[in-house]
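Tertiary structure, described
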Amino acid sequence: MGTVALLGWISVALLFGLCLSADPYANFELEYSYITASPLGVPQQVIAVNGKFPGPVINVTTNYNVVVNVKNKLDEDLLITWSGIQMRRVSWQDGVLGTNCPIPANWNWTYKFQVKDQIGSFFYFPSLNMQRASGGFGPFVIMNRDIIAIPFNTPDGDIVISIGDWYTRNHTALRNALDNGQELGMPDGVLINGKGPYRYNTTLVLDGIEYETINVDPGKTYRVRVHNVGVSTCLNFRIQNHNLLLVETEGYYTSQQNYSSLDIHVGQSYTFLVTMDQNASSDYYIVASARMVNESLWQRVTGVAVLHYSNSKGKVAGPLPDPPNDFYDKSYSMNQAMSIRQNGTASGARPNPQGSFHYGSINVTDVYVLQNLPPTMINGKLRAAYNGISFVNPSTPIRLADVYNVKGGYKLDFPNKPLDRPLIRDTSIINASYKGFIEIILQNNDTIVQSFHLAGYSFFVVGMGFGEWSENNRGSYNKWDAISRSTVQVFAGGWTAVYVSLDNVGVWNLRTDNLDRWYLGQETYMRIINPEDTANKTEFPVPDNALFCGALSHMQKPQKTSSSGVVHASSKLHFILFLVYFIVLPLVR
């Protein structure tokens, strides 16, 4: 075979090898900056992503390699985290202070991770210093591969809705209030997709506020993805006269059930199928109203958008659809939460059924009871805690300290149950066992409902109740079809129990998603290390673009002014073909 022909075959082989040997790449640029907006009629500084508030949708497919270059144009440090997405083997990419050094102002940093065997509705947001209270969030959607069927007919369209309580003070003012020992108080409103309420009431809603309109066609069915990206308030979501058929939450298909409304807690994501089966005599209300509070006092804390049929004959008017009437039924919301079950017959990201994991028959190896109390003063500062420890973030991220042998940055002595001792501030984390199967009891002795989140994992929500948890409560656990998710509510004066299979090596954040309590120290980490891993099979090594801080600051190289440095498969191919045809061939001719 001639040299030219041989080189031609080599180039073709390289072409097919590069195209077929790896999963596709999806590349995104997210620039964080401040803009002025008036979502509640008051001009204020908000955090925009690519000039937009909220940020753009990141839309990928199962198994894609995701590359996100984040440019920090803020005047303070920044980290981006990915709510609910399981960072398999790469806690380095989780975007919280225990795993990453922050991205300084005017720097950029590139996140690289694979959405391996994942589907569903998620969102991204800035994790530092209450920044999410000023924006910076956006949806993250992982679609099924075509070869894996979804457990419902293909929807006619996709609608993403972000809801959340909102203050007209920005995040710096809110954290200053917390630093001064003050509670945040009642929010100023609720936003839907970054916009204020439709003027359904001339007393409660100012004139001239921009509101969100969702345009639909009659007779069609839409997949509606709803995320509570707010600060601390549970919101009841409902669409006037329309059923919400729940089909997925945070990466897992649910048993399909109709709800007239659903309580969505801070940090939670749900996907519904909504059929436009009403007449179009007028538009319809979309409502997100405050729950677990004095709802008569919080009436103005209501988000209202408009569902507009393409053949609508007029604007929506009249009273909003009622929230749940459960004043005398305090268990209503809890029973609703426990009615959400896993769809054990549906395929997820893989062809095997999700229900094939029989979690209820696995022996529990460790039990952790995490108790939280109302914030209290420590050395003149307001603090929140788990098990009496208000977490202090280390100056050197935990896993970096491990790799580079930095001693004394944290302690592996987090108590597995509440201790009878005064509240302290400390950098104490959980030394968890790789391949363990653990039970976590979340005991909320605070006065507000809270959301609990575990990064890097989904857990099975096996039980909820009011009062103090005891071992007798295990008899009420759902050990057959409990929903698997990453964020769960814990009612005030109550408990929630979850099971977690610890198969993802790394250091993973365990926290409340209520921004005020999180900022005040109600978090810790689980350190999960495979002692037999000597070839980076269960955890990827430190990324080559890692940022260094704390005791490792001297290792940080100056910021490169070039782009992310990520090379696509197609870019590699073009480079190889360039070498073959313009450098190698002329040499052999």
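Refer to the structure above for everything that follows.
The structure displayed is predicted, hence computed values, not measured ones.

Cut-offs applied
Residues numbered from 1 in each chain as written. Predicted model: local features only at pLDDT ≥ 70, side-chain atom pairs only at ≥ 80, totals over all residues. Heavy atoms only, no water. Helix = DSSP H or I, 4+ residues; strand = E, 2+ residues; numbered from the N terminus. Contact = heavy atoms within 4.5 Å. Areas by Shrake-Rupley, 256 points an atom, 1.4 Å probe, with all protein chains shown as cover. Buried < 20%, exposed > 50% of the residue type's maximum accessible area, 1.4 Å probe, protein only. Pairing = 2+ DSSP bridges. Core = buried A, V, L, I, M, F, W, Y, C linked by side-chain atoms within 4.5 Å. Polar contact = N/O pair within 3.5 Å; in protein donor to acceptor, adjacent residues only side chain to side chain. Phe/Tyr/Trp six-rings, centres within 6.5 Å; stacked < 30°, edge-to-face > 60°. Lys NZ or Arg CZ within 6 Å of the ring centre and 35° of its normal.

So, on to the overall build of the protein. Summing up its helical and strand segments, the protein has 6 helices and 33 strands in all. For the protein, the proportion of contacts with a sequence separation of at least 24, taken over those separated by at least 6, is 79%. Of the accessible surface of the protein, which amounts to about 24,400 Å², a share of 51% is contributed by carbon and sulfur atoms.

Our focus in this paragraph is unusual backbone geometry. Backbone torsion omega between Phe53 and Pro54 reads -5°, so that peptide bond is classified as cis. In this structure, Pro54 sits in the loop between strand E2 (44–49) and strand E3 (58–61). Positioned with a positive phi, Asn241 is a non-glycine residue whose angle comes to about 65°. Relative to the elements of secondary structure, Asn241 occurs in the loop between strand E13 (235–239) and strand E14 (244–249). On the basis of relative accessible area, Asn241 is assigned to the exposed category, the value being 51%. Residue Glu250 is not a glycine yet carries a positive backbone phi of 50°. Note on placement: Glu250 falls in the loop between E14 and strand E15 (252–259). Using a relative accessible area of 2% as the deciding quantity, one classes Glu250 as buried.

Moving on: the pairing of strand E20 (residues 366–372). Within E20, 5 of the 7 residues are buried, which leaves it mostly tucked inside the rest of the structure. Two elements, E20 and strand E26 (residues 437–444), share 7 bridges in a ladder whose sense is parallel. Residue pairing in the sheet places Gln371 in a bridge with Gln443 of E26.

Counting residues in each nonpolar core, the largest one holds 135 residues, and the members touching the most others are Tyr32, Trp82, Tyr111, Phe113, Phe140, Phe237 and Phe452. Sequence-distant contacts of Trp82, defined by excluding residues within four places in its chain, comprise Ile58, Val68, Met87, Gln93, Asp94, Tyr111, Phe113, Phe123, Tyr124 and Phe140. Membership of the second largest hydrophobic core comes to 12 residues, among which are Trp469, Tyr477, Ala482 and Trp495.

Across the 5 residues that make up E13, a large majority, 5, are buried. A two-sided burial pattern is seen for E13, the buried positions comprising Leu235, Phe237 and Ile239 on one face and Asn236 and Arg238 on the other. As paired elements, E13 and strand E16 (residues 262–264) share 3 bridges and run antiparallel to each other. Residue Leu235 lies in a different strand from E16, and its bridge partner there is Ile264. Here E13 pairs with strand E18 (residues 284–290) via 5 bridges, running antiparallel. The residue of E18 that forms the bridge with Phe237 is Ala288.

Below, the discussion takes up the environment of Thr275. Note on placement: Thr275 falls in strand E17 (residues 269–275). Along the sequence, Thr275 and Leu245 sit 30 residues apart, while their C-alpha atoms lie 8.9 Å from each other. Of the polar contacts made by the side chain of Thr275, one reaches the side chain of Thr221; its length is 2.8 Å.

Counted by the stated rule, this structure contains 26 aromatic pairs. Summarising the aromatic geometry, the rings of Tyr198 and Tyr211 are spaced 4.8 Å apart at their centres and angled 85° between planes, so their arrangement reads as edge-to-face. Pair noted here: Tyr198 is in the loop between strand E10 (189–192) and strand E11 (213–216) and Tyr211 is in the loop between E10 and E11, with a separation of 13 residues, a long-range link. Note on Tyr198: relative accessible area 11%, which makes it buried. Residue class for Tyr211 comes out partly exposed when judged on its relative accessible area of 28%. Taken together, the ring pairs in this structure connect Trp82, Trp109, Tyr111, Phe113, Tyr124 and Phe140 into an aromatic cluster. Of note, Arg89 hangs over the ring of Phe540, and the distance from its end group to the ring centre comes to 4.0 Å.

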